[in-house]
Structure formats: structure tokens, C-alpha cells
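An overview of the molecular structure
Given next are the chains, with one letter for each unit.
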Amino acid sequence: MTLAKVDASAWAELEAAAADSQSAFRYLNLCSVDADGRPQARMVVLRRVEVARRLLEIHTDVRSAKWQEISADPLVTILGFGPQPKVQLRLQGSAELHGPASECAAEAWSLLPRSTRSTYMGGPPGDDIGERSASEGRIADADGQAFFGVLIFRAETLDWFQLRHADNRRAVFAYDHLGPLTSSRWVNP
Ligand SMILES: Cc1cc2nc3c(=O)[nH]c(=O)nc-3n(C[C@H](O)[C@H](O)[C@H](O)COP(=O)(O)O)c2cc1C
């Protein structure tokens, strides 16, 4: 496989995953650094991909720790793994945050099913629930939107790794600000 094909297939997999809840790359690990310099990681759902511009869209609660962390430091890493074939995608780049008042968040919210909207209606993520049941803490739909944010990740590099029986393979790719591939090379795994 050529480098160009490796890059194209990795992005095709990501694009497909945004539309397919069964895809391995549907769930990605989003990693940021907190105010103490400590690495933080959490799973997120891949909601949309724009291959040409190397963008990934993720939805989250603006009251979450990640939103605060990424507001302070937009440099993030996204890690994904597909089991067949065993491929790891390690994307580095920066995240742009679009809060509840933004057009971007309003549009994404308008496309969400009710069940997903309801996940933004509880109390602040990470706060104690105490004696209340989770459902008692729910608030109205309109208020859920007040906590809904969109994170747009722009990849600057992709580190692609394929685990094989003997000859593992690894390639690294870089993209310019608008998305086109600027460099690609095979490296030692
Ligand atoms: C499979 C899976 C998918 C998840 N998807 C999201 C998501 O799309 N957005 C999100 O904010 N949290 C998602 N979560 C929850 C996060 O992993 C995390 O626990 C939560 O957002 C709090 O993270 P934080 O305190 O680092 O902000 C998901 C969890 C799992 C297990």
C-alpha cells in the first residue's frame, strides 16, 4: 500500500465511522492537558468528519472538565483503534470550541434526537448526585441546549500504526492549515 493510500483509507474509515455506530472509530479517545499539566483522556463519539479540511466534530457539555481544559489549552490528541486490521490512529491537532450561543452549536443541536438531547439536561458533569436519583436532576429541553457545545478538532498530524504478526508498519502524515497533505513518510514502528 502506498503512503497516499494509507492516508486516504484512514480518513475514509473516520468518515464512515461518523455515520456508523458499529464502527470501531465511532468512539475515540480525546486527550487534553489539565491546569496542573496532567494528561487527561476520555472516550467521545465521533459525530462528523470533513476529510478535505481534516476536521472531526465532537459534542460535549460545556460544564465538563474537558471544556475548561481545552479552553485553556487547545492542543489535543485523538486516539482511535480499529481491530480489523489492527490499526491505531493517533491524531494531533487543535480544538476549536463553539459554545451554546454559537451558530455551529445551534445547528448541531437542531439535528440531535431527543434521546441525545436529554443527556445535556442533568446536573454539571462530575458533580455529586447525592441522594437524588439521576432522573430527578433533569431539567427542561431548552435548558439542555444551554450546556451543549461543539468541539471541532483540526488534525495537524496523523501517526498511523498497523500491528501485524512480524512486520508492524507505521507512517506519519502532516497536513497544512487548510487540510492538504504536506508530508508523508514511513517510519520505524
Ligand atoms: C463510549 C463512550 C462515549 C462517550 N461519548 C462522549 C461524548 O461524545 N461527549 C462527551 O462529552 N462525553 C462522552 N463520554 C463520556 C466521557 O468519556 C467522559 O466520561 C465525560 O465526558 C467527562 O469527561 P471530562 O470530565 O474529562 O470532561 C462517553 C463515554 C463513553 C464510555
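Residues numbered from 1 in each chain as written. Predicted model: local features only at pLDDT ≥ 70, side-chain atom pairs only at ≥ 80, totals over all residues. Heavy atoms only, no water.

**Side note on the overall build of the chain**
The secondary structure content of the chain amounts to five helices and nine strands. Order of helices (α) and strands (β) in the chain, N terminus to C terminus: α-β-β-β-β-α-β-β-α-α-α-β-β-β. Taken over the C-alpha atoms alone, the chain extends approximately 55 × 35 × 35 Å along its principal axes. When contacts within the chain are restricted to residue pairs at least 6 apart in sequence, long-range pairs at least 24 apart make up 58% of them. With an accessible surface of roughly 10,500 Å², the chain has 53% of that area assigned to carbon and sulfur atoms. Here the chain contributes 21 positive and 24 negative side-chain charges, whose respective centroids are spaced 6 Å apart. (Helix = DSSP H or I, 4+ residues; strand = E, 2+ residues; numbered from the N terminus. Contact = heavy atoms within 4.5 Å. Areas by Shrake-Rupley, 256 points an atom, 1.4 Å probe, with all protein chains shown as cover. Lys, Arg positive; Asp, Glu negative; His and termini not counted. Charge placed at Lys NZ, Arg CZ, Asp CG, Glu CD.)

**Considering the UniProt feature "domain: Pyridoxamine 5'-phosphate oxidase Alr4036 family FMN-binding" (unreviewed entry) in the chain**
As annotated by UniProt and renumbered to match this structure, "domain: Pyridoxamine 5'-phosphate oxidase Alr4036 family FMN-binding" (unreviewed entry) occupies residues 10-98. Counted over residues 10-98, helix gives 19% and strand 49%. Its end C-alpha atoms are 26 Å apart. (UniProt positions renumbered as here; feature names shortened; annotations may be inferred.)

**Some remarks on the site of the ligand**
Looking at the ligand, the residues that line it are Tyr 27, Arg 42, Met 43, Val 44, Val 45, His 59, Thr 60, Ser 64, Ala 65 and Lys 66. Residue Val 45 places a main-chain N or O atom 2.9 Å away from an oxygen atom belonging to the ligand. Ala 65 is positioned such that a nitrogen or oxygen atom in its backbone is 3.3 Å from an oxygen atom of the ligand. In the complex, 58% of the free accessible area of the ligand, which totals 620 Å², lies under the protein chains. Elements with a minimum of two residues in the shell around the ligand: strand 2 (39-45), strand 4 (55-61) and helix 2 (65-72). Among the elements that take part in the shell around the ligand, strand 2 stands out by supplying four residues, more than any other. Residues that form the shell around the ligand fall into these classes: five nonpolar, three polar and two charged. (Near = heavy atom within 4 Å. Polar contact = N/O pair within 3.5 Å; in protein donor to acceptor, adjacent residues only side chain to side chain. Nonpolar A, V, L, I, M, F, W, Y, C, P; charged D, E, K, R; others polar.)

**Structural notes on the pattern of salt bridges**
The final tally for this structure, using the stated rule, is 10 salt bridges. Arg 90 is the partner of Asp 159 in a salt bridge, and the nearest nitrogen-oxygen pair spans 3.2 Å. One end of the pair, Asp 159, is in strand 7 (residues 148-162); the other, Arg 90, is in strand 6 (residues 87-98), and 69 residues separate them in sequence. Accessibility expressed as a relative area gives 34% for Arg 90, which makes it partly exposed. Across the pair Glu 156 and Arg 154 runs a salt bridge whose closest N-O atoms are separated by 3.7 Å. The exposure class assigned to Glu 156 is partly exposed, which follows from its relative accessible area of 32%. Judged by relative accessible area, Arg 154 falls into the buried class, the value being 16%. One salt-bridge network, in which partners are shared between bridges, spans Arg 48, Glu 50, Arg 53 and Glu 57. (Salt bridge = Lys/Arg side-chain N within 4 Å of Asp/Glu carboxyl O. Buried < 20%, exposed > 50% of the residue type's maximum accessible area, 1.4 Å probe, protein only.)

**Here we look at the packing of aromatic side chains**
Tallying each qualifying case throughout the model produces five aromatic pairs. Arranged with centres 6.1 Å apart and planes meeting at 70 degrees, the rings of Trp 109 and Tyr 120 form a pair that is edge-to-face. Of this pair, Trp 109 sits in helix 3 (residues 103-110) while Tyr 120 sits in the loop between helix 4 (114-117) and helix 5 (141-145), placing them 11 residues apart in sequence. Of the residues examined, Trp 109 reaches a relative accessible area of 3% and is grouped as buried. Owing to a relative accessible area of 7%, Tyr 120 belongs among the buried residues under this scheme. Ring centres 5.1 Å apart and planes at 90 degrees place the aromatic pair Tyr 120 and Phe 148 in the edge-to-face group. (Phe/Tyr/Trp six-rings, centres within 6.5 Å; stacked < 30°, edge-to-face > 60°.)

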